[in-house]
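Each chain is listed here by its residues.
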Amino acid sequence: MVKIIMGLKGSGKTKRLINDINTAVKNEPGSMVCIEKGTKLRYDIDMHVRLIDYQEYRIGDLTFLKGFVSGLHAGNFDISHIFIDSFYKLIDNPTIADVEDFAVWCDKFGKANDLDFTIVVSDDPAKATDAIRQYLQ
């Protein structure tokens with residue numbers, strides 16, 4: 001399953017993400033990973049969630065991000081949910097097409113590996129393509 005939380009700055013995306021993470025920890029089996037900028041969520045989410053500061057890695061492009069996520073899974077098959085905060089800050093020169101590409105990839109990768117994704121995108125939901133809309137929550 002892929003879930004996209006999309007909205008403009010100040011629309012409550014981070015609060016929804018925190019709520020989703022803490023709910024998942026209580027209700028889902030397996031390990032949880034949250035990829036974010038810095039460690040601002042450290043005190044708001046359950047301590048059992050592995051926080052990864054993406055600033056420690058030069059992700060750069062979508063291909064690297066997909067490889068990074070694949071590597072996380074390869075290193076720990078117990079991961080059941082990956083949360084990604086601030087998608088547009090993860091890669092260089094992101095576009096709405098990158099969001100669509102990544103969401104579709106996550107859907108296929110997740111189905112093949114029993115893995116859920118929640119992705120936060122800071123953008124106007126009206127810009128979402130039909131492919132993205134199927135993942136909006």
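What this report covers is the structure whose coordinates are included nearby. These numbers come from a predicted model, not from an experiment.

Reading the values: rules and limits
Residue positions are given per chain, counted from 1 along the sequence in the order it is written. Local features in this predicted model are restricted to residues of pLDDT 70 or higher, and side-chain atom pairs are both shown and tallied only at a pLDDT of 80 or more, whereas totals for entire chains, interfaces and linings draw on every residue. Only heavy atoms go into the side-chain values, all of them from the structure, while hydrogens and water stay out. The rule for a salt bridge is simple: a side-chain nitrogen of Lys or Arg has to be within 4 Å of a carboxyl oxygen of Asp or Glu. Only runs of H or I of at least four residues qualify as helices and only runs of E of at least two qualify as strands under DSSP, and these elements are numbered from the N terminus. To sort residues, take the accessible area from a 1.4 Å probe on protein chains only and compare it with the maximum for the residue type: under 20% means buried, over 50% means exposed, and anything in between is partly exposed. Any pair of residues with heavy atoms lying within 4.5 Å of one another is described as a contacting pair. Here the term cavity refers to a set of points on a 1 Å grid, laid over the protein atoms alone, in which a 1.4 Å probe fits but cannot get out; the term pocket refers to an open set having protein on both sides within 12 Å along at least five of seven lines, with lining residues being those that place an atom within 4 Å of a point. Grid points are joined across faces, edges and corners, and a volume is the space filled by probe spheres set on the points. Put simply, Ala, Val, Leu, Ile, Met, Phe, Trp, Tyr, Cys and Pro go in the nonpolar bin, Asp, Glu, Lys and Arg in the charged bin, and everything else, Gly too, in the polar bin. We define the nonpolar core as a collection of buried residues of types Ala, Val, Leu, Ile, Met, Phe, Trp, Tyr and Cys that are connected through side-chain atoms lying within 4.5 Å of one another. Aromatic rings from Phe, Tyr and Trp, taking only the six-membered ring of Trp, are treated as a pair when their centres fall within 6.5 Å; an angle between ring planes under 30 degrees marks them as stacked, one over 60 as edge-to-face, and anything in between as tilted.

### Some thoughts on the pattern of salt bridges
Scanning all chains against the criterion turns up six salt bridges. When the shortest N-O distance is used, the salt bridge between Lys-111 and Asp-107 registers 3.5 Å. Highlighted residues: Lys-111 and Asp-107, both in helix H4 (residues 96-113), separated by four residues, approximately one helical turn. What makes Lys-111 exposed here is its relative accessible area of 62%. A relative accessible area of 14% places Asp-107 in the buried class. A salt bridge links Asp-130 to Arg-133; its shortest N-O distance comes to 2.9 Å. Of this pair, Asp-130 and Arg-133 both sit in helix H5 (residues 130-133), three residues apart, which is roughly one turn of the helix. A relative accessible area of 65% places Asp-130 in the exposed class.

### Focus: the environment of Asp-44
Secondary-structure assignment places Asp-44 in the loop between strand S2 (31-36) and strand S3 (50-53). Each C-alpha atom, one on Asp-44 and one on Gln-55, is 20 Å from the other, the two residues being eleven residues apart in sequence. Once you skip the residues sitting within four places of it in the chain, Asp-44 turns out to touch Ile-18 and Asn-22.

### Comments concerning the layout of surface pockets
Roughly 180 Å³ of internal volume is contained in the largest pocket. In this structure, the largest pocket is lined by 14 residues; those nearest its centre are Lys-13, Thr-14, Asp-85, Ser-86 and Ser-122. For the lining of the largest pocket, the secondary-structure elements that each account for two or more residues are helix H1 (13-27), helix H3 (87-90) and strand S5 (116-122). Grouping the amino acids of the lining of the largest pocket by side-chain chemistry returns three nonpolar, six polar and five charged.

### Considerations on the nonpolar core
Formed by 32 residues in total, the largest nonpolar core has its most connected members in Ile-4, Ile-35, Leu-65, Ile-82, Phe-87, Leu-90 and Phe-102. Those elements that place two or more of their residues in this core are strand S1 (2-7), S2, helix H2 (62-75), strand S4 (79-84), H3, H4 and S5. Considering each element in turn, this core owes the most residues, six residues, to H4. Once residues within four sequence positions are removed from consideration, Leu-65 is found in contact with Ile-59, Phe-87, Leu-90, Ile-91 and Phe-102. Cys-34, Ile-45, Val-49 and Val-120 belong to the second-largest nonpolar core, a separate cluster that totals twelve residues.

### Remarks on the packing of aromatic side chains
Counted by the stated rule, this structure contains five aromatic pairs. Ring centres of Phe-87 and Tyr-88 lie 6.3 Å apart, and the angle between their planes is 50°; this geometry places the pair in the tilted category. Here Phe-87 falls in the buried class, since its relative accessible area comes to 0%. Where Phe-102 meets Trp-105, the ring centres are 5.9 Å apart and the plane angle is 20°; that geometry is what we call stacked.

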